[in-house]
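Below are the chains, spelled out letter by letter.
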Amino acid sequence: MRIAIVGGGKMGRAVAALAETRGHTIHAMIVGSENAGGRALTAERLTGADVAVEFTRPDAAVANLERLLDAGVPVVTGTTGWLDQLPRITAHVERRGGALLHAANFSLGVHLFLRAAQDLARRFAGHPGFDAFILEEHHAAKLDAPSGTARELQRRASAADPARPFAITSVRAGVTPGTHLVAYDGPYERVTLAHVARSRDGFAAGALAAAEWLPGHRGVYTVEDMLFGESG
Ligand SMILES: NC(=O)c1ccc[n+]([C@@H]2O[C@H](COP(=O)([O-])OP(=O)(O)OC[C@H]3O[C@@H](n4cnc5c(N)ncnc54)[C@H](OP(=O)(O)O)[C@@H]3O)[C@@H](O)[C@H]2O)c1
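Small disclaimer: the values here were computed from a predicted structure and weren't measured.

Novice: Looking at this model, I keep getting lost on the packing of helix α3 (residues 58–70) against helix α4 (residues 86–96). Mind explaining?
Specialist: When two helices pack together, their arrangement is given by the angle between their axes and by how far apart the axes lie. Contact geometry of α3 with α4 gives a least axis separation of 10 Å together with a crossing angle of 5°. On the basis of their axis angle, the class for α3 and α4 is roughly parallel. Packed against α3, whose contacting residues are Val 62, Leu 65, Glu 66, Leu 69 and Asp 70, the element α4 presents Arg 88, Ile 89, His 92, Val 93 and Arg 96 at the interface. Looking at the contact of α3 with α4 residue by residue, the class counts come to 5 nonpolar, 1 polar and 4 charged.

Pasting the structure below:
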């Protein structure tokens, strides 16, 4: 496949490196300095690209996604912190008859972890002697907090046990690629479920799998649709 990468940061470079080892061609690598407001994402520049993979910044993603959809390119995005604009982007996908797959976290393990956390919350429901909390840690340069994954963890746990608050604490320090945990702390014991990412390569592999999967689909998808089927 010919893949356009939008964003030449840590994730854009990781996806490009992995794509080449899997026999894909990097059609273009579009970096921040040339792409204010998505202006480099023209039909001419993107002609011949089978799919685009976008990893930029919360304040750049929406314009990038709109421009990529205007150019008729299926888009995989892992940028976090823009999801409040999802209704606007969904309407754009429908207008253009395009395809978008978005994920705040592309690692397979995290999606299994989220399902396990939902099950755990269901089991703790009705046991008020435990206090629950969510903790997420990321490297110092991560711009958004809480992480999209922590918000999703909170959403699912709250859906399974609406009576219990699940406050999120965010730590931004050092170089850690990402840790999420949910804990239930009682007077005599603590139960903890955690996901620890060891490197960015797990995210890059998931984003690349999405880039291989998305062409030929129409509409808005999440990584769960790809991993577990559209019915979840
Ligand atoms: N979904 C997942 O699994 C996952 C995993 C890791 C990270 N993320 C998220 O992915 C995003 C990127 O992470 P990262 O670690 O790669 O960050 P990063 O190393 O800071 O890279 C971001 C890059 O985006 C570029 N950029 C900014 N605006 C742009 C634009 N309009 N067009 C093209 N490029 C632009 C920046 O270039 P300049 O410096 O030149 O502006 C920078 O090189 C973040 O939102 C992060 O939270 C998601």
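Structure's up, so let's keep going.
Novice: Help me understand α3, please; the structure alone is not making it clear to me.
Specialist: Because an α-helix packs 3.6 residues into every turn, residues spaced three or four apart end up facing the same way. Every buried residue of α3 is accounted for by Ala 61, Val 62, Asn 64, Leu 65, Glu 66, Leu 68 and Leu 69. Positive backbone phi, approximately 80°, marks Gly 72, located one or two places after α3.

Novice: Just to check I follow, could you spell out the side chain of Glu 66 for this structure?
Specialist: With respect to the helices and strands, Glu 66 occurs in helix α3. The exposure class assigned to Glu 66 is buried, which follows from its relative accessible area of 16%. Glu 66 has contacts with Arg 88, Ile 89 and His 92, leaving out every residue within four places of it along the chain.

Procedures and definitions
- Residues numbered from 1 in each chain as written.
- Predicted model: local features only at pLDDT ≥ 70, side-chain atom pairs only at ≥ 80, totals over all residues.
- Heavy atoms only, no water.
- Axes fitted to C-alpha atoms, helices over the stretch in contact; angles between N-to-C directions.
- Helix = DSSP H or I, 4+ residues; strand = E, 2+ residues; numbered from the N terminus.
- Parallel < 35°, antiparallel > 145°, perpendicular 65-115°, else oblique.
- Contact = heavy atoms within 4.5 Å.
- Nonpolar A, V, L, I, M, F, W, Y, C, P; charged D, E, K, R; others polar.
- Buried < 20%, exposed > 50% of the residue type's maximum accessible area, 1.4 Å probe, protein only.

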